[in-house]
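# Report on the structure
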Amino acid sequence: MYLLNECILCITTNLLLTKALGLSLLGKQERVGGSRWLICLFLTIFCTFGASAAFLLEPFLADTSVYLRPLMYILSCAVLYAVCLFVCGFLPQQIRKRAASALHQSAFSCAVMGVCLLTAENAGSLTQAWHFGLRCGIGMLLTGWMMDAAAPYLNCEKCPQAVRGWPAMLIYIGVLSMAASCLIRTVG
């Protein structure tokens, strides 16, 4: 029953926030020409500190309802969001506008929520939680880098019209995810 509740919460969060674990956020940047790097940087910050907050909140949330846990994670991300907005206020106008746009889009991403939920279940110490969040954030940075590298090839005339652009990007990411999963299982 607990696993079913967690699945329902994750699916609901996915549908309400960004759909597809943050990839739609990066895909939107592909379509509108925004800065994927800033979004990935903010996702790294939110994943790292969100994982740490999830670990620190876990003793207080252990006896509470399963439905209260995501709300507390969202509130902890909201505090970090407010701090980041405050820091962005000291940046020059042009940089602040781009940083604030990326911050707004990445603050409450499902990637961050997923990291918080997984950290609460698996981390044994604050250091492990911080490392897990950092690794997930760096994974998003690498995904952004790979999407930038592949975009010109997946949007060219040699790519079939039916999958050109975003559909080809999703296939590309899926194949890379399977390869990375196999590599991790082989090495680990």
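The paragraphs below set out a description of the structure included in this document. (Residues numbered from 1 in each chain as written. Predicted model: local features only at pLDDT ≥ 70, side-chain atom pairs only at ≥ 80, totals over all residues. Heavy atoms only, no water.)

Glancing now at the nonpolar core. Within the largest apolar cluster, 25 residues are counted, with the highest numbers of intra-cluster contacts made by Phe42, Phe46, Tyr73, Leu103 and Val112. At the level of secondary structure, the elements contributing two or more residues to this core comprise α3 (36–61), α4 (68–88), α5 (93–106) and α6 (110–122). Sorting elements by how many residues they give to this core places α3 first, with 8 residues. In this view, tyrosine 73 contacts Ala54, Leu57, Glu58, Leu61, Met113, Cys116, Leu117 and Ala120; residues no more than four positions away in its chain are not counted. Counting residues in each nonpolar core, the second largest holds 9 residues, with Ala150, Leu154, Cys159 and Ile173 among its members. (Core = buried A, V, L, I, M, F, W, Y, C linked by side-chain atoms within 4.5 Å. Buried < 20%, exposed > 50% of the residue type's maximum accessible area, 1.4 Å probe, protein only. Helix = DSSP H or I, 4+ residues; strand = E, 2+ residues; numbered from the N terminus. Contact = heavy atoms within 4.5 Å.)

Right, let's talk about the packing of α3 against α6 for a bit. A packed helix pair is summarised by two numbers, namely the angle formed by the two axes and the spacing between the axes. Where α3 meets α6, the axes come as close as 8 Å, and the angle between the chain directions of the two elements is 35 degrees. Remark: the crossing between α3 and α6 carries right-handed chirality. Residues Leu43, Phe46, Cys47, Gly50, Ala51, Ala54, Phe55 and Glu58 of α3 touch α6, and the partners they reach there are Ala111, Val112, Val115, Cys116, Thr119 and Ala120. A class-by-class count of the residues in the contact of α3 with α6 yields 11 nonpolar, 2 polar and 1 charged. (Axes fitted to C-alpha atoms, helices over the stretch in contact; angles between N-to-C directions. Left-handed = near helix turned anticlockwise from the far one by under 90°. Nonpolar A, V, L, I, M, F, W, Y, C, P; charged D, E, K, R; others polar.)

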